[in-house]
Amino acid sequence: MSPSPGLCCAPIADAPLSEEEAAALSSALRALADPVRLRLLSLIAAHPGGEVCACELVDAVGRSQPTVSHHLKVLHEAGLLDRERRGTWIHYRIAPTRLAEVQRALSPTGSTEAKTA
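Cut-off values and rules
Residues numbered from 1 in each chain as written. Predicted model: local features only at pLDDT ≥ 70, side-chain atom pairs only at ≥ 80, totals over all residues. Heavy atoms only, no water. pLDDT = per-residue confidence, 0-100. Contact = heavy atoms within 4.5 Å. Axes fitted to C-alpha atoms, helices over the stretch in contact; angles between N-to-C directions. Helix = DSSP H or I, 4+ residues; strand = E, 2+ residues; numbered from the N terminus. Parallel < 35°, antiparallel > 145°, perpendicular 65-115°, else oblique. Nonpolar A, V, L, I, M, F, W, Y, C, P; charged D, E, K, R; others polar. Pairing = 2+ DSSP bridges. Buried < 20%, exposed > 50% of the residue type's maximum accessible area, 1.4 Å probe, protein only. Lys, Arg positive; Asp, Glu negative; His and termini not counted. Salt bridge = Lys/Arg side-chain N within 4 Å of Asp/Glu carboxyl O. Arc of directions from axis to C-beta.

Visitor: Help me understand the confidence of the model for the protein in this model?
Guide: In this model, the protein carries a mean pLDDT of 83, and residues with pLDDT of at least 70 account for 80%. The low-confidence segment residues 1-7 (pLDDT under 50) makes 14 contacts with residues lying over four places distant or belonging to another chain.

Dropping the structure here:
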């Protein structure tokens, strides 16, 4: 099954992924497979206003500035974060479309809606 226009991957449960779909999904999953990157993503998503300056993340994850910058770069290159330079600082925010694509691909029903009991 091919993905809907604008989405990278069909839900895994609907049909086998094509090589292109698997490559697109694996890029994001590799980026998410690191505990520090998952923590950074969650800190940015939970931050009031949904945006965080890179300078605020160093102490929050207890890593050096170069390490945090590397992890943010990986998340950005995977399409999971958007960034904007403001002077000497870079501000990050979640790329909601890409995150929804990953969620949809991994959903058993292909839906991004949470099931309620």
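Still to come is the rest of the account.
Visitor: How should I be thinking about the packing of helix α2 (residues 35-46) against helix α4 (residues 65-77) in this particular structure?
Guide: A pair of packed helices is characterised by two quantities: the angle between their axes and the separation of those axes. For the pair α2 and α4, the least separation of the axes is 10 Å and the interaxial angle reads 75°. The angle between α2 and α4 places the two elements in the roughly perpendicular class. On α4, the residues touching V36, R37, L40, L41 and I44 of α2 are V68, H70, H71, L72, V74 and L75. Of the residues belonging to the contact of α2 with α4, the class tally is 8 nonpolar, 2 polar and 1 charged.

Visitor: Can you help me understand the sheet that holds strand β2 (residues 81-86) in this one?
Guide: Within a sheet, adjacent strands bond to each other through the backbone by hydrogen bonds, running parallel or antiparallel. One open sheet accounts for 3 strands, arranged β1-β3-β2; its pairing is antiparallel. Each having just a single partner strand, β1 (51-53) and β2 make up the two edges of the open sheet. Shown here is a sheet whose adjacent strand axes are inclined to one another by a mean of 25°, direction ignored. Direction of pairing for β1 relative to strand β3 (residues 89-94): antiparallel, over a ladder of 3 bridges. For V52, the partnering residue across the bridge sits in β3 and is Y92.

Visitor: When you look at the pairing of β2 in this model, what are you seeing that I'm missing?
Guide: Summarising the sheet, β2 and β3 pair through 6 bridges and their orientation is antiparallel. Each residue of the ladder has a partner; that of D82, found in β3, is R93. Turn length for the β2-β3 hairpin, with the two strands adjacent in sequence and antiparallel, is 2 residues, and the turn residue G87 shows positive phi of about 70°.

Visitor: Just checking my understanding: could you explain the side chain of E21 for this structure?
Guide: Mapping E21 onto the fold places it in helix α1 (residues 19-32). Of the side chains with opposite charge, R104 comes closest to the buried, unpaired E21, at an N-O distance of 7.5 Å.

Visitor: What should I look at first to understand helix α3 (residues 54-61) in this one?
Guide: In an α-helix, one full turn covers 3.6 residues, which means residues spaced three or four apart are oriented alike. Considered for burial, the residues of α3 that qualify are A54, L57, V58 and V61. Considered in projection along α3, the buried side chains sweep an arc of 110° and stay on one side of the axis. Next to the buried residues of α3 lie α2, β1, α4 and β3. Looking one or two residues past α3, G62 carries a phi angle of roughly 65°, positive in sign.

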